[in-house]
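Chain by chain, the residues run as shown.
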Amino acid sequence: MKQIVVEEICKDTEIQKNLELEVNIADVETDDEINEAEQNKVRKAREIARIKRDRDDRDAIVKEREEIERVRNMTEEERREWGRRNPKPTRAQKQKWRLMQKYYHKGVFFQDDPDCQNGMKSMIQ
């Protein structure tokens, strides 16, 4: 019986401590309403930019589809002429690497002939 009473008292004291430690909602600072007008302006500008970007993307897709359809409807001679006027963009040539070049690394320290003359070699000696 004593043990149950002691446990209840301990629970009550823990509950009291937790209530005292809980953060009062008034103590929490929220600055959500301070610059509401400014936040609305920023939100509106962001939304307008998003809408414009979406519209531009849709217009680009429609324009590309129209171009593809127009090219499909051309005769062979018109396609050749169109191909000469609008060449496909070429990719930049990749550099040809020598054998094991992408795996080989000189290392940073203890170089006999370092690239940098004021490197770590002077500090080591």
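Residues numbered from 1 in each chain as written. Predicted model: local features only at pLDDT ≥ 70, side-chain atom pairs only at ≥ 80, totals over all residues. Heavy atoms only, no water.

(A) Representation of the confidence of the model for the chain. Overall, the predicted model of the chain reaches an average pLDDT of 79, with 70% of residues at or above 70. Below pLDDT 50 for its whole length, residues 121-125 participates in four contacts with residues either more than four positions away or in separate chains. (pLDDT = per-residue confidence, 0-100. Contact = heavy atoms within 4.5 Å.)

(B) Fine view of the pattern of salt bridges. What the rule picks out here adds up to seven salt bridges. Among the ionic pairs, Glu47 bridges to Arg50, the shortest N-O distance being 2.3 Å. Of this pair, Glu47 and Arg50 both sit in helix H2 (residues 36-72), three residues apart, roughly one helical turn. The partly exposed category is assigned to Glu47, whose relative accessible area is 36%. Via salt bridges that share partners, Glu47, Arg50 and Asp54 belong to a single interconnected network. (Salt bridge = Lys/Arg side-chain N within 4 Å of Asp/Glu carboxyl O. Helix = DSSP H or I, 4+ residues; strand = E, 2+ residues; numbered from the N terminus. Buried < 20%, exposed > 50% of the residue type's maximum accessible area, 1.4 Å probe, protein only.)

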